[in-house]
Every structure is written in C-alpha cells, then in structure tokens.
Amino acid sequence: MNALAPKVSFVSLGCPKALVDSERIITQLRAQGYELTKKHDGADVVIVNTCGFLDSAKAESLDAIGQAMAENGKVIVTGCMGAEPEQIRDRFPNILAITGPQAYESVVSAVHAAAPPAHDPFLDLVPDHGVKLTPRHYAYLKISEGCSNRCSFCIIPKLRGDLVSRPAGDVLREAEKLVKAGVKEILVISQDTSAYGVDVRYQPSLWQDREVRTRFFDLARELGDLGAWIRLHYVYPYPHVDEVIPLMAEGKILPYLDIPFQHASPNVLKAMRRPAHQEKTLDRIRKWREICPDLAIRSTFIVGFPGETEEDVDFLMDWLKEAKLDRVGCFRYEPVKGAPANELGAPVPPEAKDARWHRFMKTQQEVSAKLLKAKVGKRLPVIIDESGSTVAKGRSRYDAPEIDGNVYVASRRPLRAGDIVTVKIERADAYDLHGIAV
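Everything in this summary refers to the structure shown in the same document. Remember, predicted model here, so these are calculated numbers, not experimental data.

Conventions used here
Residues numbered from 1 in each chain as written. Predicted model: local features only at pLDDT ≥ 70, side-chain atom pairs only at ≥ 80, totals over all residues. Heavy atoms only, no water. Helix = DSSP H or I, 4+ residues; strand = E, 2+ residues; numbered from the N terminus. Polar contact = N/O pair within 3.5 Å; in protein donor to acceptor, adjacent residues only side chain to side chain. Contact = heavy atoms within 4.5 Å. Pairing = 2+ DSSP bridges. Axes fitted to C-alpha atoms, helices over the stretch in contact; angles between N-to-C directions. Parallel < 35°, antiparallel > 145°, perpendicular 65-115°, else oblique. Left-handed = near helix turned anticlockwise from the far one by under 90°. Nonpolar A, V, L, I, M, F, W, Y, C, P; charged D, E, K, R; others polar. Core = buried A, V, L, I, M, F, W, Y, C linked by side-chain atoms within 4.5 Å. Buried < 20%, exposed > 50% of the residue type's maximum accessible area, 1.4 Å probe, protein only.

In this section: the side chain of serine 190. Positionally, serine 190 belongs in the loop between strand 9 (185-189) and strand 10 (204-207). Only 2.9 Å separates the side chain of serine 190 from the backbone nitrogen of threonine 193, close enough to count as a polar contact. Those residues in contact with serine 190, other than ones at most four positions away along the chain, are Lys17, Ile143, Ser144 and Tyr234.

The next subject is the pairing of strand 19 (residues 420-428). Two faces, one strand: in a regular strand the side chains alternate between the faces of the sheet. Across five bridges, the pairing between strand 16 (residues 379-386) and strand 19 is antiparallel. By the bridge assignment for strand 19, arginine 379 is matched with lysine 424. Bridge count for strand 19 against strand 20 (residues 433-437) is five bridges, and the pairing is antiparallel. Bridge assignment links alanine 428 to a residue of strand 20, and that residue is leucine 433.

For the pair helix 1 (residues 16-31) and helix 4 (residues 104-114), the least separation of the axes is 10 Å and the interaxial angle reads 45 degrees. As far as their axial angle goes, helix 4 and helix 1 are oblique. In the crossing of helix 1 with helix 4, the sense of the turn from one axis to the other is right-handed. Residues Asp21, Arg24, Ile25, Gln28 and Leu29 of helix 1 touch helix 4, and the partners they reach there are Tyr104, Glu105, Val107, Val108 and Val111. When its residues are assigned to classes, the contact of helix 1 with helix 4 shows six nonpolar, one polar and three charged.

Grouped together as the largest cluster of nonpolar side chains are 56 residues, with contacts concentrated most on Leu232, Val244, Leu257 and Trp319. Sort the elements by how many residues they give to this core and helix 11 (residues 310-323) lands first, with six residues. Dropping the residues within four chain positions of it, leucine 257 is found in contact with Leu232, Val235, Val241, Ile245, Met248, Trp288, Leu295, Ala296, Ile297 and Arg298. Counting residues in each nonpolar core, the second largest holds 27 residues, with Tyr234, Ile384, Val423 and Leu433 among its members.

Turning our eyes to something else, we now look at the side chain of serine 265. Along the chain, serine 265 falls in the loop between strand 13 (256-258) and helix 9 (266-272). The exposure class of serine 265 is buried, given its relative accessible area of 2%. Polar contacts involving the side chain of serine 265 include one to the side chain of aspartate 312, which spans 2.7 Å. Aside from chain neighbours lying at most four places away, what touches serine 265 is Asp312 and Phe315.

So, to be careful, I would describe these as geometric facts and stop short of saying anything about function.
If you want it as structure tokens, here you go:
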C-alpha cells in the first residue's frame with residue numbers, strides 16, 4: 001500500500017446488520033485506496049457507525065463519538081442514530097458529517113471531502129467478496145433492509161424504512177463468492193428474515209441457469225447447495241417457516257432457528273403488536289421437532305413491558321419450561337424515544353423488572369443445563385473459532401458466534417480457525433460444552 005494512502009479509523013457498533021453496513025463502506029474505501037488503522041490518533045478521518053435503538057445504545061454511540069472527537073477531531077457519523085442528527089449535533093457541533101443507516105455513498109463522499117483518495121480505484125486490489133470484519137471462516141449475509149412490522153416498542157422502521165428485499169440472484173452470488181473465498185459458515189440476517197420477498201411479491205431473478213423466487217424457502221434451499229453451514233437468524237414464526245424444517249432434517253441447512261419471540265403471554269404480545277404471535281406456537285415447536293429432532297431454537301425476550309402483570313410472567317415461565325428453548329437472552333424493558341409503547345402507561349417499577357429478569361434467567365438456566373447435559377457422550381461436528389496449544393474454542397451446529405455457547409476442544413493435533421472436526425462431548429457446564437477431537 002502506498003505510504004501516502006489516507007488512513008481511516010472505523011468504529012462499528014450495534015447488531016450484525018450494522019456490521020454488514022460497515023463492511024460495505026470499508027469495501028468501497030479499500031477499493032479506492034484508503035488504508036484502515038486501529039488508532040484514531042494519526043488517522044485522516046474517523047467513521048463511527050452508531051446504534052440508536054435503545055437509550056443505552058445511544059449512550060454508547062455518543063461515548064464512541066466523544067472519544068473519536070477527543071483523539072482525532074475529524075469524525076463522520078453514520079448508522080441508526082444518524083437518522084436523528086440533532087442529538088449528535090447538539091453535543092458535537094464540529095462533526096464533519098452525519099448520515100443515516102445504509103447511506104453508503106454519502107459516507108464515502110464525506111470521506112472524500114475530508115481526505116481525498118490518493119489512488120486510482122481501478123488499480124487497487126480488493127477481494128472479490130469484499131472486506132469482512134468477521135473472522136475468515138464465517139460471514140454475515142444480509143438479505144434485506146428495513147422492516148414493515150410495527151412493533152410498539154421498536155423504531156427500526158422509522159430509522160431504516162420498510163422492508164426492501166434483495167433479489168435472490170444477487171444474494172446467492174454474494175454467498176457463492178464467500179464460499180469460494182473460504183467461508184465455512186454463512187449467517188443469514190435481516191430485520192425480518194422470514195418476510196423475505198413479500199415486498200416484491202416473491203419476484204424471481206436469475207441464478208446460474210435458472211430463475212429463483214425471492215422467497216424465504218427458495219433462498220434457504222439454494223443456499224443449502226453451496227456446501228457451507230447455513231444459519232438462519234431473525235426468523236418470525238410465520239406459518240411458511242414450517243417449510244424450511246425438512247431442509248434442516250435433510251442436512252441442507254443447520255438445524256437452528258433464531259426466533260425473537262419477545263414474550264409468550266397473549267396480552268403482552270398484543271400490546272407489543274408482534275407479528276405472527278399466536279397461541280399455537282408450542283404446538284408448532286413440537287411439530288418442528290418431530291420433523292427435525294435435533295433442532296436448536298434460540299430466542300430473546302423482554303420482561304417488564306408496560307402493563308405486564310405477575311400473571312403474564314407466570315404464563316411466560318410455564319411457557320419456557322414447556323418450549324425447552326436451547327439458547328435464550330432476556331432484556332429488561334427500556335423505553336425507546338418515539339416508540340408507541342411509551343403511550344401505554346402502566347410502567348413496571350425497576351425493582352419488579354429486576355426480580356422478573358432474575359426469575360426468567362433462573363428458569364431458563366435450568367432448561368438450558370438439562371439440554372446441554374443431554375449432549376454429553378454424543379459426537380458433534382464443531383467449527384473451530386480460536387486455536388489453542390492444547391484446547392481450541394469452537395461451536396457446534398447449535399450455536400451462533402458471539403451470542404451462544406462454545407465447545408472447548410482438547411486435541412493432540414493442531415486445530416486451526418475454520419476447521420470442522422468431530423468432537424466427543426465429555427462434560428457440560430452452565431453454558432458451554434467440553435470434549436475431545438476424534
């Protein structure tokens with residue numbers, strides 16, 4: 001790289017969907033000759049990709065902006081918090097530029113203004129699959145932008161707009177490039193993965209020598225033929241989700257569903273305006289497991305939502321015990337500025353939120369411990385995330401990176417990141433598994 005190449009320091013906050021936005025911006029900048037640096041001090045410009053969903057996330061974003069301003073002073077802000085620029089300008093009037101989410105070209109233009117590119121973009125080398133911020137062996141694949149749901153606690157549609165699905169052919173070509181570059185695991189993400197294609201009425205697009213519909217099932221089927229682990233995230237339990245379960249049973253895609261149930265009580269779900277909420281969810285989970293017995297389900301829940309009663313919490317605890325979800329996260333309800341839920345009234349006191357959160361975590365931990373213990377003695381394929389001198393860290397097919405548990409693998413032979421090995425599970429603790437490579 002030319003020593004005169006302008007340097008960019010990048011901070012990426014928030015969810016995997018924001019991480020993909022960061023990757024797209026960085027890919028464009030690298031193609032134009034910009035060099036990435038991990039230090040703000042000495043960079044020609046700093047980019048902060050913010051999260052603006054919760055007040056705590058906004059505070060983290062403002063702290064990151066403040067640090068960049070203190071250490072550098074030439075800062076460009078993008079991401080969800082950029083959709084409401086006033087709160088950033090009020091605190092940091094000397095910010096170079098503020099853009100909303102998915103505004104890739106605006107960010108690049110702002111970088112050009114602050115630090116003009118020094119290279120001919122036609123001469124710079126960038127991998128065919130673009131620049132990735134994840135380890136080489138796994139990558140996020142974003143299949144759509146925005147969301148057409150109107151959950152009462154959420155402002156994502158306001159920040160990112162309604163659902164816009166990418167053509168299936170474009171998604172599959174990107175996935176193919178990732179696999180050719182050595183990616184072993186593809187994590188499919190969006191705001192509402194199972195709504196994929198609804199906005200374009202499942203319009204077909206060309207992939208290889210045939211047309212593929214822009215539809216959840218069709219995309220999952222085609223991705224399953226690429227030879228990588230395919231993991232589905234942010235899936236709402238619409239009826240047509242049933243169609244992908246046989247693909248999991250056949251081994252075409254991973255037996256894993258990330259479904260943000262958020263609650264189980266019909267009263268709370270109605271107040272949340274959750275799509276696809278129905279009282280027969282437990283029956284559907286049972287049917288899924290009949291088709292694919294080793295299906296792993298992970299989810300997130302909210303306790304302390306306005307109007308939530310102790311009876312609602314009792315219902316949720318009973319539901320958890322019956323659903324037997326493999327991996328679960330729980331959050332105390334936090335008001336979001338501009339969300340309709342703020343008008344519901346009947347706020348739950350902080351001490352009650354804390355008590356409900358602890359009760360939830362205790363209940364789910366007992367469920368998870370039993371499920372993990374049942375894997376002891378089994379032989380599971382494990383993808384290695386980190387090598388080690390005697391023990392490597394990896395994940396089973398039932399665990400996504402960053403959010404789920406790990407498998408610690410003892411091995412006499414060296415294991416490298418990206419290796420997929422068979423592991424005999426010898427013991428389980430509260431969240432992780434331990435075993436030996438065979």
